[in-house]
Amino acid sequence: DTAVSQTPKYLVTQMGNDKSIKCEQNLGHDTMYWYKQDSKKFLKIMFSYNNKELIINETVPNRFSPKSPDKAHLNLHINSLELGDSAVYFCASSQWAEQYFGPGTRLTVT
Amino acid sequence: EDKVVQSPLSLVVHEGDTVTLNCSYEVTNFRSLLWYKQEKKAPTFLFMLTSSGIEKKSGRLSSILDKKELFSILNITATQTGDSAIYLCAVNSGAGSYQLTFGKGTKLSVIP
């Protein structure tokens, strides 16, 4: 059983397009997160939701908009994609401090 | 701003060697420190440390935290090629949330 799943695993798109990445967790956790991992493997928090409510919103361009329809899902929508958005995006969930990560979505903007 | 610094950034060892990875931190409202292993995909959880001086152990891996000196070490004994990965240190700080601040990781390569 997959604990934290993300779709798609790979996404190749052109600059200026709008795309979404979906995340689902079946662990019953209350908190979900989006991270961006750049080419140097640095993992940085973008957003965190607790029970569908936004609790962390780091300095991220407002082209990125998270949406949590219920506490098991946290989707990430990105408008007007730029070259610098190319990275691996990880979703994670937790009940306490220990976070469980999804497999990642490798986004390539050309 | 919270800061987590890992060293070395990369390390190459031979199978059977023992390695020590370092993580130092400067954060407000420290709550816990976590170690993750990242191979090709998602980081996978190794340890969470909250108290100084208490070693956590899992097989050949062990970790300890020093809250006075603000650092943690991750030891791997009798390394195997399957230990090759990026090891990430993260600190949970801040009241009311479980936000993690990650270090840049240590890339460990174990050669036969």
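The present account deals with the structure reproduced in this document.

Thresholds applied
- All residue numbers here refer to positions counted from 1 along the written sequence of the relevant chain.
- Whichever chain is written first becomes A and whichever ligand is written first becomes 1, with later ones labelled in order.
- A pLDDT threshold of at least 70 governs which residues receive local features in this predicted model, and a stricter bar of 80 or more applies before side-chain atom pairs are shown or counted, although totals over entire chains, interfaces and linings include all residues.
- Side-chain numbers come from the whole structure's heavy atoms, not from hydrogens or water.
- Note on conventions: DSSP H or I runs of at least 4 residues are helices, E runs of at least 2 residues are strands, and numbering of each starts at the N terminus.
- Here, residues are in contact when the closest pair of their heavy atoms is within 4.5 Å.
- Only the protein chains shown count as covering a residue, and every accessible area follows the Shrake-Rupley method with a 1.4 Å probe.
- Here the positive residues are Lys and Arg and the negative ones are Asp and Glu; neither His nor the chain ends is included.
- Note on charges: their place is set at NZ of Lys, CZ of Arg, CG of Asp or CD of Glu.
- Any residue under 20% of the maximum accessible area for its type is buried, any over 50% is exposed, and the rest in between are partly exposed; the area is computed with a 1.4 Å probe on protein chains only.
- A strand pair is defined by DSSP finding two or more bridges across the two strands.
- Ring pairs shown here join Phe, Tyr and Trp side chains whose ring centres sit within 6.5 Å, with only the six-membered ring taken for Trp; geometry is labelled stacked below 30 degrees between planes, edge-to-face above 60, and tilted in between.
- For this text, the term disulfide refers to a pair of cysteine sulfurs within 2.5 Å.
- Comment: axis = line fitted to C-alpha atoms, over the contacting stretch for helices; angle = value between 0 and 180 degrees taken between N-to-C directions.

**Considerations on the overall build of chain B**
Consideration 1: In terms of helices and strands, chain B carries zero helices and 11 strands.
Consideration 2: Along the first, second and third principal axes, the C-alpha set of chain B runs to 45 × 30 × 20 Å.
Consideration 3: Contacts spanning at least 24 positions in sequence make up 55% of the contacts within chain B whose residues lie at least 6 apart.
Consideration 4: Surface summary for chain B: the accessible area is close to 5500 Å², and the carbon and sulfur share equals 51%.
Consideration 5: Both charge centroids of chain B, one from 12 positive and one from 10 negative side chains, sit 5 Å from each other.

**Let's talk about the pairing of strand β9 (residues 87-94) of chain A**
All names here are of chain A.
Consideration 1: Of all eight residues in β9, eight are buried, a share of seventy percent or more.
Consideration 2: Every second residue of β9 is oriented toward a common face, with Ala87, Tyr89, Cys91 and Ser93 on one face and Val88, Phe90, Ala92 and Ser94 on the other, all of them buried.
Consideration 3: Bridge count between strand β4 (residues 31-37) and β9: seven bridges; the pairing is antiparallel. For Lys36, the partnering residue across the bridge sits in β9 and is Tyr89.
Consideration 4: In the sheet, β9 pairs with strand β11 (residues 105-109) via three bridges, with the strands oriented antiparallel. Across the sheet, the residue bridging to Tyr89 is Thr105, located in β11.
Consideration 5: Pairing between β9 and strand β10 (residues 99-101): three bridges, direction antiparallel. Paired with Ala92 across the bridge in β10 is Phe101.

**Some words on the packing of aromatic side chains**
Consideration 1: Taken as a whole, this structure holds 10 aromatic pairs over all chains when the rule is applied.
Consideration 2: Ring geometry for A:Phe101 and B:Tyr36: centres 5.5 Å apart, planes at 85 degrees, overall edge-to-face. Residue A:Phe101 is found in strand β10, and its partner B:Tyr36 is found in strand β4 (residues 30-38); the two belong to separate chains. One exposure class covers both A:Phe101 and B:Tyr36, and it is buried.
Consideration 3: Between the aromatic rings of B:Tyr36 and B:Phe45, the centroid separation amounts to 5.9 Å while the plane-to-plane angle is 75 degrees, which identifies the pairing as edge-to-face.
Consideration 4: Chaining the aromatic ring pairs together yields one cluster made of A:Tyr33, A:Tyr35, A:Phe90, A:Phe101, B:Tyr36, B:Phe45 and B:Phe102.

**Describing the state of the cysteines**
Residues and elements named next belong to chain A.
Consideration 1: Summed over all chains, the structure comprises two disulfides over all chains.
Consideration 2: Two residues share a disulfide in this structure: Cys23 and Cys91, whose sulfurs sit 1.8 Å from each other. Every disulfide takes its handedness from the sign of the S-S torsion; for Cys23 and Cys91 that torsion is -75 degrees, giving left-handed. One end of the pair, Cys23, is in strand β3 (residues 19-25); the other, Cys91, is in strand β9, with 68 residues separating them in the sequence. Grouping residues by exposure puts Cys23 and Cys91 together as buried.

**Things to note about the sheet that holds β3(A)**
All names here are of chain A.
Consideration 1: The strand order across the open sheet formed by four strands is β1-β3-β8-β7, and the pairing between neighbours is antiparallel. Bordering the open sheet on either side are β1 (4-7) and β7 (64-70), each of which pairs with just one other strand. Strand-to-strand, the axes of this sheet are offset by a mean angle of 20 degrees, without reference to chain direction.
Consideration 2: Sheet analysis places β3 next to strand β8 (residues 73-78), joined by four bridges and oriented antiparallel. In the strand pairing of β8, Glu24 is matched with His73.

**Observations concerning the sheet that holds strand β3 (residues 19-26) of chain B**
Residues and elements named next belong to chain B.
Consideration 1: Ordered in space as β1-β3-β8-β7-β6, the five strands form an open sheet in which the pairing is antiparallel. Both edges of this open sheet fall to β1 (3-7) and β6 (56-58), since each of them pairs with a single strand only. The average undirected angle you get between the axes of adjacent strands in this sheet is 15 degrees.

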